[in-house]
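Structure assessment
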Amino acid sequence: MSIWWSLHLRREAASVPLARRLLLGTMETAGVDPDVSYELSVALTEACANAVEHGGGVDGGAGGTGRAYRVTAYLDGETCRIEVADSGPGFPGAEAAWAPRAPSDDAEHGRGLRLIEELADHVQFGNRSGRGGAVVSFDKILKWKDGPSLLMA
């Protein structure tokens, strides 16, 4: 069995814990190890927070796509894949392989993308083709609580 869901969320701080709680609930129901669930939820929180802060497009007026972002999660077999896409300016120069720069030791911001890289097994940063906006996608191999999982049944 596979589980997937997609949310279209407003670029508001209140949307971040909603996405996180949905992911944690899905993982709990599927029988994923709580430590793995926690790591993925922290990575998702960072990706959503970035979309909320930086993901506005030039069409951010009432009803514009710049006021929203999308979160999609796939639990399939032994892997969870999460994608967060926004309508902002995207990553600079992400037409080629893009990686976040290390923040300075005294920087107050800029650690979220690095944290996602540390918590996930595979991370990809890119831009949405044609529409504009950034896409952060990451995968993690799942571990299971004792006993059979819903995905493996």
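Now for a look at the structure at hand.

The rules behind these values
- Residues numbered from 1 in each chain as written.
- Predicted model: local features only at pLDDT ≥ 70, side-chain atom pairs only at ≥ 80, totals over all residues.
- Heavy atoms only, no water.
- Pairing = 2+ DSSP bridges.
- Helix = DSSP H or I, 4+ residues; strand = E, 2+ residues; numbered from the N terminus.
- Salt bridge = Lys/Arg side-chain N within 4 Å of Asp/Glu carboxyl O.
- Buried < 20%, exposed > 50% of the residue type's maximum accessible area, 1.4 Å probe, protein only.

**Comments concerning the pairing of strand E4 (residues 122-127)**
Relative to strand E5 (residues 134-141), E4 is paired through 6 bridges, and the arrangement is antiparallel. Of the residues in E5, the one forming a bridge with Asn-127 is Ala-134. Here E4 folds back onto E5 in antiparallel fashion, the turn holding 6 residues, of which Gly-130 has a positive phi close to 80 degrees.

**Some points on the pattern of salt bridges**
If you walk through the whole model with that rule in mind, you get 5 salt bridges. For Glu-39, the salt bridge goes to Lys-140, with nearest N and O atoms at 2.9 Å. With Glu-39 in helix H2 (residues 34-54) and Lys-140 in strand E5, the pair connects residues that are 101 residues apart, well separated along the chain. The exposure class assigned to Lys-140 is buried, which follows from its relative accessible area of 9%. Put simply, Glu-117 and Arg-114 hold a salt bridge, and the shortest N to O gap is 3.8 Å. Residue Glu-117 and its partner Arg-114 are located together in helix H3 (residues 112-119), separated by 3 residues, close to a single helical turn.

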